[in-house]
Amino acid sequence: IILTGGLCALSPTGAVASAEERLVVAGESAAVSPDGRRLAFHRFEDGVLKLGVCPSEGGTVTWIESGPGMAAYPAWAPDGSLVYTYGHETLTAYEAYKSQATGGGYGLRVRQADGRTRELCTGYTRDYLPTVSADGQTVYFTTTREVSVVEGLMLAMSSHIARVPFDGSAKPVVVLRAPGSSSYNTAVAQPSLSPDGRHLVWAQLSSLDEG
């Protein structure tokens, strides 16, 4: 919940005495851990997106990435691991295209429950807004993988939805494409799975021209 630029907590009844009592920490894109005890979020600070974890009621923040780069859009796995977007670009999109760069971009990382970090998706793409299946086996996410390219530049407004095994045993596969994806202004994004894993819900942009 976002309130005046911060993450907030409500009691089970929703009764809160004041806005000040709601404020937990400054940030956005909150994700509550499976045991309900931790809160992951990102914060834009000094020109950088930082990913942090703190107790659900507020308190000391542990920052997940300490080096250069951007970290954002956290999602918890059932085992307490954290999936998130990470990237540190040093080339422009055009420079990367001309050099056929495979590094850089924004891929997915996993911060395991034991504190170790591993790469899940890499490449000069945009992989973001992950969600993990209830059985912990699959990660679905928004991506620019296989988005049409015009004169060396990816079409910025277009995105698909892909999935990848949580253990990284296979490469990502696009499972849902933007409608009429040859156009720059269509997209599917922000996948969310039903608790039983049988249904996928997403946001869809059919055309910017429709208003």
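As a reminder, the structure under discussion sits directly above these lines.
Residues numbered from 1 in each chain as written. Predicted model: local features only at pLDDT ≥ 70, side-chain atom pairs only at ≥ 80, totals over all residues. Heavy atoms only, no water.

Participant: Would you mind showing me how to read the overall build of the chain here?
Facilitator: Across its full length, the chain holds two helices and 19 strands. Split into buried and exposed, the 211 residues of the chain put 38% on the buried side. As displayed, the chain has an accessible area near 11500 Å², and 52% of this comes from carbon and sulfur atoms. (Helix = DSSP H or I, 4+ residues; strand = E, 2+ residues; numbered from the N terminus. Buried < 20%, exposed > 50% of the residue type's maximum accessible area, 1.4 Å probe, protein only. Areas by Shrake-Rupley, 256 points an atom, 1.4 Å probe, with all protein chains shown as cover.)

Participant: What exactly am I supposed to notice about the environment of Ala-75 here?
Facilitator: Inspection of the secondary structure assignment puts Ala-75 in strand 8 (residues 70–76). Setting aside anything within four residues of it in sequence, one finds Ala-75 in contact with Ser-81, Leu-82, Val-83, Pro-130 and Thr-131. (Contact = heavy atoms within 4.5 Å.)

Participant: Can you help me understand the pattern of salt bridges in this one?
Facilitator: Opposite charge on two side chains allows them to pair when their charged atoms are near. Taken as a whole, this structure holds seven salt bridges when the rule is applied. Among the salt bridges present, the one from Glu-45 reaches Arg-43, with a minimum N-O distance of 3.2 Å. A salt bridge links Arg-109 to Glu-65, with the nearest nitrogen and oxygen atoms 2.8 Å apart. Here Arg-109 is found in strand 10 (residues 106–111), whereas its partner Glu-65 is found in the loop between strand 7 (62–63) and strand 8, with 44 residues between them in sequence. Accessibility expressed as a relative area gives 16% for Arg-109, which makes it buried. Because the salt bridges share partners, they merge into one network encompassing Arg-43, Glu-45 and Lys-50. (Salt bridge = Lys/Arg side-chain N within 4 Å of Asp/Glu carboxyl O.)

Participant: Could you clarify how one ought to interpret the sheet that holds strand 17 (residues 173–176) in this entry?
Facilitator: Two strands in a sheet stick together by hydrogen bonds in their backbones, pointing the same way (parallel) or opposite ways (antiparallel). Across the sheet, which stays open at both edges, the four strands sit in the order 12-13-16-17 with antiparallel pairing between neighbours. Strands at the two margins of the open sheet, each flanked by one partner only, are strand 12 (127–132) and strand 17. Strand-to-strand twist of the sheet, defined as the mean angle between neighbouring strand axes without regard to direction, takes the value 35°. Sheet topology note: the strand 16 (residues 160–165)/strand 17 ladder contains three bridges and is antiparallel. Looking across to strand 17, one finds that Ile-161 is bridged to Leu-176. (Pairing = 2+ DSSP bridges. Axes fitted to C-alpha atoms, helices over the stretch in contact; angles between N-to-C directions.)

Participant: Sorry, what's going on with the nonpolar core here?
Facilitator: Burial of nonpolar side chains together is a common tendency in soluble globular proteins. Within the largest apolar cluster, 13 residues are counted, with the highest numbers of intra-cluster contacts made by Val-83, Leu-108, Leu-120, Val-139 and Phe-141. At the level of elements, strand 10, strand 11 (117–121), strand 13 (138–143) and strand 16 are the ones that each hand at least two residues to this core. Non-local contacts of Val-139, meaning those with residues more than four positions away in its chain, are made with Val-83, Leu-108, Leu-120, Pro-130, Thr-131, Val-132, Ala-162, Arg-163, Val-164 and Phe-166. Among the nonpolar cores identified, the runner-up in size contains 10 residues, and Ala-40, Ala-71, Trp-76 and Tyr-86 belong to it. (Core = buried A, V, L, I, M, F, W, Y, C linked by side-chain atoms within 4.5 Å.)

Participant: Where do I start with the sheet that holds strand 6 (residues 48–55) in this structure?
Facilitator: Read across the sheet, four strands follow the order 4-5-6-7 without closing on themselves; strand pairing throughout is antiparallel. If you trace the sheet from one side to the other, it starts and ends with strand 4 (28–32) and strand 7, each paired once. Where strand 4 lies against strand 5 (residues 38–45), three bridges are found, and the strand directions are antiparallel. Bridged to Ala-31 within strand 5 is Ala-40.

Participant: Is there a simple way to think about the side chain of Asp-127 in this case?
Facilitator: Examined against the element boundaries, Asp-127 turns out to sit in strand 12. Classification of Asp-127 by relative accessible area gives buried; the value is 0%. A polar side-chain atom of Asp-127 sits 3.3 Å from a polar atom in the side chain of Thr-125. A distance of 2.7 Å separates polar atoms of two side chains, one belonging to Asp-127 and the other to Arg-145. Residues in contact with Asp-127, not counting those within four places in the same chain, are Thr-85, Tyr-106, Gly-107, Leu-108, Cys-121, Phe-141, Thr-142, Thr-143 and Arg-145. (Polar contact = N/O pair within 3.5 Å; in protein donor to acceptor, adjacent residues only side chain to side chain.)

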